[in-house]
Amino acid sequence: MKNPLKDFSYFSRREKQGILVLITGIILVFLTGYIYTFLREHTALSDEETQLQLSAVEEYESFIASVKEKDNKREYHPSRYPINPSSEIVLKPFNPNTADSATFRKLGLPGWMVRNILRYRSKGGKFRKAEDFKKIYGLTKEQYGYLLPYLYIAPEDTTRKTVQLYNVSITKDSTKVLRETPYKYPAGTVINLNLADTTELKKIPGIGSGIARLITGYRRSLGGFYCIEQLQDINLNYHQLENWFYIQDKDIRLININHSGVERLRNHPYINFYQAKAFVEYRKKKGTLHNLKPFTLYEEFTKDDLEKISHYVCFE
């Protein structure tokens, strides 16, 4: 291996001096950057430079404070925006029996609540006193209290009109035809939801043939209702109907879970195929069932599932 110092000795004197100068220059270039940085960091700032830095810091802190102030102003205050802060609220007197969707929206009511009101009115429902408006599904006490000063009911809406037994319609040949108006139960009537047929159901204000068939069909699939809230399963607003019905548990048709197969069990609205299979497989492995507690550990069942199913099964 060649010795670089030995090779260096073969250069002439002038060449050696040039090489040393070049190396020294390179070292000085690198050292200059470090020296400049060191001197700048350890040199005291002038009064002007210090003042500039202080001004910059104050400006930054002022900016941060203004941002926080704006954020605080954006905080939601229920007393200021009690219903729907995302839209501009225009408070003015309104009649819930005649107001249109635009009026309700300007009052701050959300779209889904407005649709419920219009659907209730389309089925013959009417607000006869201010307290009736409080029964709207989803309307809180705070919202009702906020709107109450602007709510009014027209005098003609406060009284019930005499039932008209016949409707008069005119045919193409100008012949008048009398058609009997369906009879509706007066307020205060209460019927058994599990025993009423379609004819009786249609006597409830707001229930027509379609809804009556929907209720009886779902009741047949369930085996009976155990609470009024179950009408939500078929997209009915139970708040509008709860004053017309009562329920007795003895009218519910139960399924013997120890003697029913998968097909029988899965036909119930609250039991799916995998749950029905779990019941049958458990019976095969461990024998007769006495309650539903073993299935609280099964992933096929939620606590809500078992609570619903418990109303429709027996173990004898």
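Residues numbered from 1 in each chain as written. Predicted model: local features only at pLDDT ≥ 70, side-chain atom pairs only at ≥ 80, totals over all residues. Heavy atoms only, no water.

Quick look at the layout of surface pockets
- Computed from the structure, the second largest pocket encloses a volume of approximately 190 Å³.
- By residue class, the composition of the lining of the second largest pocket is three nonpolar, six polar and two charged. (1 Å grid on protein atoms, 1.4 Å probe; cavity = no way out; pocket = protein on both sides within 12 Å on 5 of 7 lines; lining within 4 Å. Points joined across faces, edges and corners; volume = space filled by probe spheres on them. Nonpolar A, V, L, I, M, F, W, Y, C, P; charged D, E, K, R; others polar.)

Here we look at the nonpolar core
- Formed by 42 residues in total, the largest nonpolar core has its most connected members in Ile-207, Ile-215, Leu-231, Phe-245 and Phe-279.
- When residues of this core are traced back to their parent elements, those giving at least two are helix H9 (209-222), helix H11 (273-286) and helix H12 (303-309).
- Excluding residues that lie within four positions of it along the chain, Leu-231 makes contacts with Ile-215, Phe-225, Leu-236, Tyr-238 and Leu-241.
- If you look at the next biggest cluster of nonpolar residues, it comprises 16 residues, including Phe-94, Ala-99, Met-113 and Leu-139. (Core = buried A, V, L, I, M, F, W, Y, C linked by side-chain atoms within 4.5 Å. Buried < 20%, exposed > 50% of the residue type's maximum accessible area, 1.4 Å probe, protein only. Helix = DSSP H or I, 4+ residues; strand = E, 2+ residues; numbered from the N terminus. Contact = heavy atoms within 4.5 Å.)

Describing the side chain of Gln-275
- Locating Gln-275 in the fold gives a position in helix H11.
- A relative accessible area of 3% places Gln-275 in the buried class.
- Sequence-distant contacts of Gln-275, defined by excluding residues within four places in its chain, comprise Tyr-270, Glu-300, Phe-301, Asp-305 and Ile-309.

Focus on the pattern of salt bridges
- This structure, assessed with the given rule, holds three salt bridges.
- Across the salt bridge formed by Glu-263 and Arg-266, the nearest N and O atoms sit 3.5 Å from each other. Of the two residues, Glu-263 and Arg-266 are both situated in helix H10 (residues 262-266); the distance of three residues between them amounts to about one turn of the helix.
- Residue Glu-263 is classed as partly exposed on the basis of its relative accessible area of 49%.
- For the salt bridge of Lys-308 with Asp-304, the shortest nitrogen-to-oxygen distance reads 3.7 Å. Highlighted residues: Lys-308 and Asp-304, both in helix H12, separated by four residues, approximately one helical turn.
- When its relative accessible area of 44% is taken as the criterion, Asp-304 is described as partly exposed. (Salt bridge = Lys/Arg side-chain N within 4 Å of Asp/Glu carboxyl O.)

So, the confidence of the model for the protein
- In the predicted model, the protein carries a mean pLDDT of 80, and 74% of its residues have values of at least 70.
- In the model, residues 74-86 has pLDDT below 50 throughout and makes 15 contacts with residues more than four positions away in sequence or in other chains.
- Below pLDDT 50 for its whole length, residues 162-166 participates in eight contacts with residues either more than four positions away or in separate chains. (pLDDT = per-residue confidence, 0-100.)

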